[in-house]
Amino acid sequence: MTSEGTNADAGTARAAVVRRLREGMARSVLSFPLTSFRDDGSLDPDGYRAYVAQRLAAAPGALFPACGTGEFFSLDEDEYRQVVTIAVEESGGRVPVVAGTGYGWAQALRFARVAEEAGADALLVMPHYLTTAPQEGLVAQVERIAAGTRLPLVAYQRGQVSYTAESVRRLAHVPGVIGLKDGHGDLDRLQRMVLAVPEDFLFFNGAATAEVQARAYAAVGVPAYSSAVHAFAPEIANAFLAALHAGDLGTIDKLLRDFYVPLVELRDRVPGYAVSLVKAAARLRGCPVGPVRAPLTDPSAADLAELKTLLATGLDLVGAAL
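Residues numbered from 1 in each chain as written. Predicted model: local features only at pLDDT ≥ 70, side-chain atom pairs only at ≥ 80, totals over all residues. Heavy atoms only, no water.

S.K.: I'm lost on the overall build of the protein in this one. Help?
M.R.: When you go through the protein residue by residue, the secondary structure sums to twelve helices and seven strands. On the principal axes, the C-alpha backbone points of the protein span a range of 60 × 45 × 35 Å. Contacts in the protein between residues far apart in sequence, at least 24 positions, make up 73% of those at least 6 positions apart. Accessible area of the protein: about 13200 Å², with a carbon and sulfur share of 54%. The protein carries 30 positive and 36 negative side-chain charges, and their two centres are separated by 1 Å. (Helix = DSSP H or I, 4+ residues; strand = E, 2+ residues; numbered from the N terminus. Contact = heavy atoms within 4.5 Å. Areas by Shrake-Rupley, 256 points an atom, 1.4 Å probe, with all protein chains shown as cover. Lys, Arg positive; Asp, Glu negative; His and termini not counted. Charge placed at Lys NZ, Arg CZ, Asp CG, Glu CD.)

S.K.: What exactly am I supposed to notice about helix α7 (residues 187–196) here?
M.R.: Note: α-helices contain 3.6 residues per turn, so residues at a spacing of three or four share the same orientation. For α7, the full list of buried residues reads L190, M193 and V194. Summarising the axial view, the buried residues of α7 lie within an arc of 100°, below the 170-degree limit, and thus occupy one face. Facing away from the buried surface of α7 by more than 90 degrees, the exposed residues are R192 and L195. Elements that come into contact with the buried residues of α7 comprise β5 (153–157), α6 (165–172), β6 (177–182), β7 (202–205) and α8 (214–219). (Buried < 20%, exposed > 50% of the residue type's maximum accessible area, 1.4 Å probe, protein only. Arc of directions from axis to C-beta.)

S.K.: Help me understand the packing of helix α10 (residues 249–267) against helix α12 (residues 301–317), please; the structure alone is not making it clear to me.
M.R.: Between two packed helices, what matters for the description is the angle formed by their axes and the separation of those axes. Interhelical geometry of α10 versus α12 gives an angle of 160° and a closest axis separation of 10 Å. Regarding the angle of α10 to α12, the classification is roughly antiparallel. The way α10 lies across α12 gives a crossing that is left-handed. Across from K254, L255, D258, F259, P262, L263 and L266 in α10, the residues of α12 making contact are D303, E306, L307, L310, L311, T313, G314 and L317. Residue classes in the contact of α10 with α12 are distributed as nine nonpolar, two polar and four charged. (Axes fitted to C-alpha atoms, helices over the stretch in contact; angles between N-to-C directions. Parallel < 35°, antiparallel > 145°, perpendicular 65-115°, else oblique. Left-handed = near helix turned anticlockwise from the far one by under 90°. Nonpolar A, V, L, I, M, F, W, Y, C, P; charged D, E, K, R; others polar.)

S.K.: Looking at this model, I keep getting lost on the pairing of β5. Mind explaining?
M.R.: In summary, the side chains of a regular strand alternate between the two faces of the sheet. With five of five residues buried, β5 is to be regarded as a mostly interior element. Side chains of β5 alternate between two faces, with L153, A155 and Q157 and V154 and Y156 buried alike. Where strand β4 (residues 122–125) lies against β5, three bridges are found, and the strand directions are parallel. By the bridge assignment for β5, L123 is matched with L153. At this point the chain moves from β4, through helix α5 (residues 135–147), to the parallel β5, and the crossover so formed is right-handed. Pairing between β5 and β6: five bridges, direction parallel. Each residue of the ladder has a partner; that of Y156, found in β6, is K181. Where the polypeptide runs from β5 across α6 and back to β6, its parallel neighbour, the crossover connection is right-handed. (Pairing = 2+ DSSP bridges. Right-handed = clockwise from strand over helix to strand, strands pointing away.)

S.K.: Hey, could you run me through empty space enclosed by the protein in this one?
M.R.: Sizing a probe to match a water molecule and rolling it over the atoms shows the empty space that remains. With the rule as written, the count across this model stands at three cavities of 30 Å³ or more. For the largest cavity, the calculated volume is near 100 Å³. Lining the largest cavity are A208, T209, A228, V229, F232, L263, R267, Y273, A274, L277, V278 and L307. The set of elements that each furnish at least two residues to the lining of the largest cavity consists of α10 and α11 (273–284). (1 Å grid on protein atoms, 1.4 Å probe; cavity = no way out; pocket = protein on both sides within 12 Å on 5 of 7 lines; lining within 4 Å. Points joined across faces, edges and corners; volume = space filled by probe spheres on them.)

S.K.: Could you clarify how one ought to interpret the packing of aromatic side chains in this entry?
M.R.: A ring pair, where both rings are aromatic, is described by two values, the distance of the centres and the angle of the planes. According to the stated counting rule, one finds ten aromatic pairs in the structure shown. Judged by centre distance (6.2 Å) and plane angle (40°), the rings of Y103 and F111 are tilted. Here F111 falls in the buried class, since its relative accessible area comes to 1%. For the ring pair F201 and F203, a centre distance of 5.4 Å and an interplane angle of 75° mean the geometry is edge-to-face. Joined through ring pairs, the aromatic side chains of F72, Y80, Y103 and F111 make up one cluster. Here the guanidinium or amino end of R144 rests over the ring plane of W105, the centre of that ring lying 3.8 Å away. Note that K181 overlies the ring of Y156, its terminal NZ or CZ placed 4.2 Å from the centroid. (Phe/Tyr/Trp six-rings, centres within 6.5 Å; stacked < 30°, edge-to-face > 60°. Lys NZ or Arg CZ within 6 Å of the ring centre and 35° of its normal.)

S.K.: Explain the side chain of E116 to me, please; I cannot follow it from the model alone.
M.R.: Following the sequence through the fold, E116 ends up in helix α4 (residues 105–118). Of the polar contacts made by the side chain of E116, one reaches the side chain of T149; its length is 2.5 Å. With residues up to four places along the chain from it excluded, the contact list for E116 reads G148, T149, R150 and L151. (Polar contact = N/O pair within 3.5 Å; in protein donor to acceptor, adjacent residues only side chain to side chain.)

S.K.: Can you walk me through the side chain of R267 in this structure?
M.R.: Relative to the helices and strands, R267 is located in helix α10. By relative accessible area, R267 is classed as buried at 16%. A polar contact of 2.6 Å, which involves the side chain of R267, links it to the side chain of T209. Apart from the residues lying within four places of it in its own chain, the contact partners of R267 are A208, T209, Y273, A274 and L277.

Below, the structure is given as structure tokens:
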């Protein structure tokens, strides 16, 4: 096959992934499943398979295994392979599977090759390791990853990675780069990004508890979001999204006031609670996810008791039970 034919096939495949992601993002929240560990810290593949099946039963728009909520930073390559493979097998093509990758571009490509072999549809490029970098370097990092994988990429800005609108415009013209996940919440900058790129470029809200900012993001043209709450209480996450789509401001405000904002306040008490609190809530629901791995720590007994009360309140608001 000629290079033109190969490029055309790659473009067609990317377009199909973009279409499926766009449809999923319009329909539901994006699910970032937790990774299941046993009490000794080892990977629990059977528990993870059961947990992923539970997430899929709650009808997310797409599945993002081995990302931040899935403790990508704590997985070795063999564990990563198992996690992505199970997610692909359980999804069975029902929703797109976007696997995390990251660190420096060379190591990111090692994970990318594993994700390709496992059957993932796309990759989320996690923030690189440790160092700050200029815009030219941030763009070059994603370009190098895009050039080394056949999978389309969603760039992720969070922590030390913060793009300008011009950098996102450049990324949008890199073959294979299809979107941006925003974890900064700078809506002025995000609005400029949305206006700087082609209409088919994907954006979604990736704040730690995205529902709190969902209306503000939608106002600048980014209505889709990932939901950490979907990882443990899809009843609440889906009810909030339904209210958002219906313009039901009363329900939105009640869920924000009585559940989401208190959850954020509890989450902000301890570094790492953005993951470990979510995992603790999933365990309270009987999900087979196990503990977090170091350097994260599980919530204190007092915080866990507060979380249980808050979770019961949120579920009661949407007519569900703990």
